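Geometric and topological summary
Spelled out, the chains give:
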Amino acid sequence: MVIESTLFYWKIKDGYELDFTIGSGFPSFASYDHPYIYGTPALEFPDLIKVAVHGGQECDPDTRTWGAAAPVNEGTAMLMRYLKEWIKSTFGDRIDWDEGPVMSQSCLYSMTPDGDFVIDFLGGEFNEDVVIAGGFSGHGFKMAPVVGRMLVDLALGGKAAAALWEEELKHFKVRRFEGNPRGNVIGFEDQVRISSRL
Ligand SMILES: Cc1cc2nc3c(=O)[nH]c(=O)nc-3n(C[C@H](O)[C@H](O)[C@H](O)COP(=O)(O)OP(=O)(O)OC[C@H]3O[C@@H](n4cnc5c(N)ncnc54)[C@H](O)[C@@H]3O)c2cc1C
């Protein structure tokens, strides 16, 4: 499933800019609640931090609107209220939450039913000759170094190399949904269900 997600940038109030920089130790963060909120330090744009909800609305990538803000409906309006409350209770008056985000961006997540990645040999007539990796479900970036390492090993070493990664790869099999549409049922399952409703 493809999800269109809208992320938001919020203005840091005058005098607090340094508090939200990496140099001051401000982290990338995730709040594993419903909804799941995440954010990053002031980095991409001066004096703005990214705080957004993980997830979004199901969409067709070929006909997506590219609207920075998803169509406003009851769900998105509720989310915005929740985001403001969360920012207020977490960062107090150091962020201009009341005025709302100063910027938004639209992007896509390729979601698997369980939120886990797909990393495997394609199988079938291609057997081990084709290695696939995808369905990173909005949390693949941080894993890029180790995923890259696995893909190199699989591409160069075939099944012998796969044995080295057996423990990891068993979660990421492309055929795990055959006869088991929920795949690896873990905490993200609820998030996927909720995200697809909003
Ligand atoms: C808004 C947003 C926030 C995110 N936040 C986080 C986060 O905080 N932490 C985290 O870990 N992950 C995050 N992610 C997820 C992370 O970005 C993805 O999981 C990761 O980028 C997926 O890597 P990929 O290589 O599979 O795909 P991509 O990074 O999408 O790379 C695919 C590449 O293929 C190219 N391509 C496509 N079609 C063709 C073609 N026909 N020919 C040639 N090239 C082509 C594309 O241009 C692109 O460069 C976020 C994603 C989004 C959208």
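Everything discussed here concerns the structure shown above.
These notes cover the structure that comes with them. These numbers come from a predicted model, not from an experiment. (Residues numbered from 1 in each chain as written. Predicted model: local features only at pLDDT ≥ 70, side-chain atom pairs only at ≥ 80, totals over all residues. Heavy atoms only, no water.)

Topic: the site of the ligand
Applied cut-off: Here a residue is near a molecule or strand as soon as one of its heavy atoms is found within 4 Å of it. In protein, a polar contact means a hydrogen-donor-capable atom and an acceptor-capable atom, both N or O and within 3.5 Å, with residues adjacent in sequence counting only if both atoms are side-chain atoms; elsewhere, any N or O pair within 3.5 Å suffices. Note that accessible areas follow from Shrake-Rupley with a 1.4 Å probe, and for residues the cover is restricted to the protein chains shown. Each helix corresponds to a stretch of at least 4 residues labelled H or I by DSSP, and each strand to a stretch of at least 2 residues labelled E; elements are numbered beginning at the N terminus. Gly is placed with the polar residues, together with every amino acid not listed as nonpolar (Ala, Val, Leu, Ile, Met, Phe, Trp, Tyr, Cys and Pro) or charged (Asp, Glu, Lys and Arg). A domain assignment, automatic or from a database, supplies the domain bounds used here.
Near the ligand you find Leu7, Tyr38, Cys107, Leu108, Tyr109, Phe136, Gly138, His139, Gly140, Phe141 and Lys142, and these make up its full shell. Contacts to the ligand include glycine 140, whose backbone N or O atom sits 3.0 Å from an oxygen atom. Protein burial of the ligand: of its 1,000 Å² of free accessible surface, 38% is covered by the chains. The element contributing the most residues to the shell around the ligand is strand E6 (residues 103-110), with three residues. The residue makeup of the shell around the ligand, split by class, is seven nonpolar, three polar and one charged. In this structure, the shell around the ligand is formed jointly by two domains, domain 1 (2-110) and domain 2 (118-178), each of which donates at least three residues.

Concerning helix H2 (residues 144-164)
Our working rule: Take the number of residues in a helix, subtract one, and multiply by 1.5 Å to get its expected span. The angle between axes fitted to the seven-residue stretch ending at a residue and the seven-residue stretch beginning at it gives the bend at that residue. The buried label goes to any residue with under 20% of its type's maximum accessible area, the exposed label to any with over 50%, and the partly exposed label to all in between, with areas taken from a 1.4 Å probe on protein chains only.
In this model H2 runs just 18 Å from its N-terminal to its C-terminal C-alpha over 21 residues, more than 12% under the 30 Å that 1.5 Å per residue would give. Residue glycine 158 marks the point of greatest curvature in H2, where the axis turns by about 140 degrees. Within H2 the residues assigned to the buried category are Val147, Met150, Asp153, Leu154, Gly158, Ala161 and Ala162.

Examining the nonpolar core
The following threshold applies: Take the buried residues of types Ala, Val, Leu, Ile, Met, Phe, Trp, Tyr and Cys, join any two whose side-chain atoms come within 4.5 Å, and each joined set is a nonpolar core. What makes two residues a contact is simply this: any of their non-hydrogen atoms within 4.5 Å.
Counting residues in each nonpolar core, the largest one holds 19 residues, and the members touching the most others are Trp10, Phe20, Ile49, Val51, Ile87, Phe91 and Ile95. At the level of secondary structure, the elements contributing two or more residues to this core comprise strand E1 (2-11), strand E4 (48-53) and helix H1 (74-91). Looking at this core element by element, the count peaks at six residues for H1. Contact partners of phenylalanine 20, with chain neighbours within four places excluded, come to Ile12, Phe26, Pro41, Ala42, Ile49, Phe91, Arg94 and Ile95. Among the nonpolar cores identified, the runner-up in size contains ten residues, and Phe121, Val147, Ala162 and Leu169 belong to it.

Focus on the side chain of histidine 54
Assignment of secondary structure puts histidine 54 in the loop between E4 and strand E5 (57-58). We classify histidine 54 as buried; its relative accessible area is 4%. Engagement of the side chain of histidine 54 in a polar contact is seen with the side chain of tyrosine 109, the distance being 3.4 Å.

Looking at the side chain of asparagine 184
Along the polypeptide, asparagine 184 turns up in the loop between helix H3 (166-169) and helix H4 (188-197). In terms of polar contacts, asparagine 184 uses its side chain to reach the backbone carbonyl oxygen of histidine 171, at 2.6 Å. Those residues in contact with asparagine 184 that lie beyond four places of it in its chain are Asp114, Asp116, His171 and Arg176.

What about the environment of leucine 79?
Checked against the element boundaries, leucine 79 lands in helix H1. For the pair formed by leucine 79 and proline 35, sequence separation is 44 residues and the distance between their alpha carbons is 8.1 Å.

Some details on the pattern of salt bridges
Rules: One speaks of a salt bridge when a side-chain nitrogen belonging to Lys or Arg is within 4 Å of a carboxyl oxygen belonging to Asp or Glu.
A complete count under the given rule lists eight salt bridges for this structure. Notably, a salt bridge pairs glutamate 167 with lysine 170, separated by 2.9 Å at the nearest N-O pair. On the basis of relative accessible area, glutamate 167 is assigned to the exposed category, the value being 51%. Overall, lysine 170 belongs to the partly exposed group, its relative accessible area being 45%.

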